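# Architecture at a glance
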Amino acid sequence: QVQLVESGGGLVQAGGSLRLSCAASGRTVSRNGMGWFRQAPGKEREFVATISWNGYSINYADSVKGRFTISRDNAKNTVYLQMNSLKPEDTAVYYCAARYYSGSASRPNEYDYWGQGTQVTVSS
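Residues numbered from 1 in each chain as written. Predicted model: local features only at pLDDT ≥ 70, side-chain atom pairs only at ≥ 80, totals over all residues. Heavy atoms only, no water.

Turning next to the side chain of Thr50. Secondary-structure assignment places Thr50 in strand 5 (residues 46-51). A polar contact of 3.0 Å, which involves the side chain of Thr50, links it to the backbone nitrogen of Ala105. Ignoring sequence-local partners within four residues, the contact set of Thr50 consists of Met34, Gly35, Ser57, Ile58, Asn59, Ile70, Ser104, Ala105 and Tyr111. (Helix = DSSP H or I, 4+ residues; strand = E, 2+ residues; numbered from the N terminus. Polar contact = N/O pair within 3.5 Å; in protein donor to acceptor, adjacent residues only side chain to side chain. Contact = heavy atoms within 4.5 Å.)

Structure (C-alpha coordinates):
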(Lines give C-alpha, C1' and ligand atoms only; values in the text may rest on other atoms or scores of the structure.)
Protein backbone atom coordinates (compact mmCIF):
# COMPACT_ATOMS: atom_id res chain seq x y z
CA GLN A 1 0.00 0.00 0.00
CA VAL A 2 1.00 3.57 -0.65
CA GLN A 3 0.11 6.44 1.64
CA LEU A 4 0.20 9.96 0.22
CA VAL A 5 0.29 13.08 2.37
CA GLU A 6 -0.05 16.53 0.87
CA SER A 7 1.26 19.68 2.50
CA GLY A 8 1.93 23.29 1.66
CA GLY A 9 -1.58 24.57 1.16
CA GLY A 10 -2.85 27.77 2.72
CA LEU A 11 -4.26 31.20 2.15
CA VAL A 12 -2.56 33.46 -0.38
CA GLN A 13 -3.43 36.65 -2.20
CA ALA A 14 -4.04 36.67 -5.93
CA GLY A 15 -0.76 36.79 -7.79
CA GLY A 16 1.06 34.95 -5.04
CA SER A 17 2.73 31.55 -4.99
CA LEU A 18 2.52 28.30 -3.09
CA ARG A 19 4.46 25.06 -3.30
CA LEU A 20 2.59 21.86 -2.58
CA SER A 21 4.40 18.69 -1.58
CA CYS A 22 3.19 15.11 -1.71
CA ALA A 23 5.18 12.68 0.39
CA ALA A 24 4.69 8.99 -0.26
CA SER A 25 5.23 6.26 2.30
CA GLY A 26 4.63 2.54 2.51
CA ARG A 27 6.70 1.85 -0.55
CA THR A 28 8.59 3.75 -3.19
CA VAL A 29 6.69 5.52 -5.94
CA SER A 30 9.80 6.12 -8.00
CA ARG A 31 8.43 3.89 -10.77
CA ASN A 32 4.88 5.28 -10.67
CA GLY A 33 3.15 8.00 -12.58
CA MET A 34 1.91 10.78 -10.32
CA GLY A 35 -0.68 13.50 -10.60
CA TRP A 36 -2.28 16.49 -8.98
CA PHE A 37 -6.01 17.10 -9.05
CA ARG A 38 -8.24 19.67 -7.41
CA GLN A 39 -11.82 19.97 -6.34
CA ALA A 40 -13.66 23.19 -5.64
CA PRO A 41 -16.92 23.27 -3.64
CA GLY A 42 -19.82 22.03 -5.73
CA LYS A 43 -17.58 20.96 -8.59
CA GLU A 44 -16.15 17.69 -9.78
CA ARG A 45 -12.54 16.74 -9.20
CA GLU A 46 -10.45 18.06 -12.08
CA PHE A 47 -7.03 17.32 -13.46
CA VAL A 48 -4.23 19.78 -12.76
CA ALA A 49 -0.90 18.17 -13.68
CA THR A 50 0.77 14.81 -14.17
CA ILE A 51 4.31 13.47 -14.39
CA SER A 52 5.70 10.12 -15.49
CA TRP A 53 8.03 8.10 -13.30
CA ASN A 54 11.16 9.55 -14.89
CA GLY A 55 9.84 13.07 -15.38
CA TYR A 56 10.07 12.84 -19.17
CA SER A 57 6.32 13.08 -19.73
CA ILE A 58 4.55 16.04 -18.14
CA ASN A 59 1.12 17.46 -18.90
CA TYR A 60 -0.96 20.29 -17.49
CA ALA A 61 -4.54 21.40 -17.61
CA ASP A 62 -4.94 24.39 -19.90
CA SER A 63 -6.13 26.47 -16.97
CA VAL A 64 -2.77 26.17 -15.17
CA LYS A 65 -0.34 25.89 -18.06
CA GLY A 66 2.45 28.44 -17.75
CA ARG A 67 1.69 29.08 -14.09
CA PHE A 68 2.07 25.69 -12.37
CA THR A 69 5.04 23.34 -12.48
CA ILE A 70 5.00 19.69 -11.43
CA SER A 71 8.23 17.97 -10.44
CA ARG A 72 9.41 14.97 -8.50
CA ASP A 73 12.34 13.85 -6.40
CA ASN A 74 12.39 10.07 -6.50
CA ALA A 75 15.15 9.91 -3.91
CA LYS A 76 12.79 11.63 -1.47
CA ASN A 77 9.69 9.79 -2.68
CA THR A 78 8.05 13.19 -3.10
CA VAL A 79 6.18 15.07 -5.81
CA TYR A 80 5.78 18.84 -5.91
CA LEU A 81 3.46 21.36 -7.45
CA GLN A 82 4.83 24.88 -7.72
CA MET A 83 1.95 27.29 -8.20
CA ASN A 84 2.67 30.83 -9.33
CA SER A 85 0.44 33.74 -10.34
CA LEU A 86 -2.40 32.24 -8.36
CA LYS A 87 -5.95 33.30 -9.14
CA PRO A 88 -9.12 33.14 -7.02
CA GLU A 89 -10.40 30.42 -9.35
CA ASP A 90 -7.50 28.21 -8.25
CA THR A 91 -9.17 27.93 -4.84
CA ALA A 92 -9.82 24.25 -4.16
CA VAL A 93 -8.70 21.22 -2.24
CA TYR A 94 -5.65 19.84 -4.01
CA TYR A 95 -5.09 16.10 -4.12
CA CYS A 96 -2.02 14.08 -4.94
CA ALA A 97 -2.46 10.71 -6.64
CA ALA A 98 -0.30 7.76 -7.68
CA ARG A 99 -0.97 5.12 -10.28
CA TYR A 100 0.24 1.55 -10.65
CA TYR A 101 1.70 2.34 -14.03
CA SER A 102 4.75 4.43 -14.81
CA GLY A 103 3.31 6.85 -17.32
CA SER A 104 1.50 10.11 -16.86
CA ALA A 105 -2.29 10.26 -16.94
CA SER A 106 -4.98 12.92 -16.72
CA ARG A 107 -8.11 11.06 -15.65
CA PRO A 108 -8.92 10.35 -12.00
CA ASN A 109 -9.91 6.75 -12.75
CA GLU A 110 -6.37 6.06 -13.95
CA TYR A 111 -5.05 6.55 -10.42
CA ASP A 112 -4.97 4.00 -7.66
CA TYR A 113 -3.87 5.87 -4.55
CA TRP A 114 -5.01 9.25 -3.27
CA GLY A 115 -3.99 11.60 -0.53
CA GLN A 116 -6.39 13.39 1.81
CA GLY A 117 -5.92 16.74 0.15
CA THR A 118 -4.68 20.18 1.16
CA GLN A 119 -6.73 23.35 0.99
CA VAL A 120 -5.58 26.20 -1.21
CA THR A 121 -7.45 29.48 -0.91
CA VAL A 122 -6.64 32.45 -3.11
CA SER A 123 -8.12 35.77 -2.09
CA SER A 124 -8.83 38.56 -4.55
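From this point, the narrative continues.
Attention now moves to the packing of aromatic side chains. Under the defined criterion, the tally for this structure stands at five aromatic pairs. When the centroid spacing of 5.2 Å and the interplanar angle of 80 degrees are considered together, the rings of Phe37 and Tyr111 count as edge-to-face. Of this pair, Phe37 sits in strand 4 (residues 34-39) while Tyr111 is found in the loop between strand 9 (92-98) and strand 10 (113-114), placing the two residues 74 residues apart along the sequence. For the pair shown, Phe37 and Tyr111 are each scored as buried. (Phe/Tyr/Trp six-rings, centres within 6.5 Å; stacked < 30°, edge-to-face > 60°. Buried < 20%, exposed > 50% of the residue type's maximum accessible area, 1.4 Å probe, protein only.)

Here we come to unusual backbone geometry. Positive phi values are uncommon outside glycine, yet Asn77 reaches one of about 55 degrees. Looking at the secondary structure, you find Asn77 in the loop between strand 7 (68-73) and strand 8 (78-83). You can call Asn77 buried: its relative accessible area is 13%. Unlike most non-glycine residues, Ser85 shows phi in positive territory, near 50 degrees.

Here the focus is the nonpolar core. The biggest cluster of nonpolar side chains holds 34 residues, and the ones touching the most others in it are Leu4, Met34, Trp36, Leu81, Met83 and Tyr94. At the level of secondary structure, the elements contributing two or more residues to this core comprise strand 3 (18-25), strand 4, strand 5, strand 7, strand 8, strand 9 and strand 11 (118-123). If one sorts the elements of this core by residue count, strand 9 sits on top with five residues. (Core = buried A, V, L, I, M, F, W, Y, C linked by side-chain atoms within 4.5 Å.)

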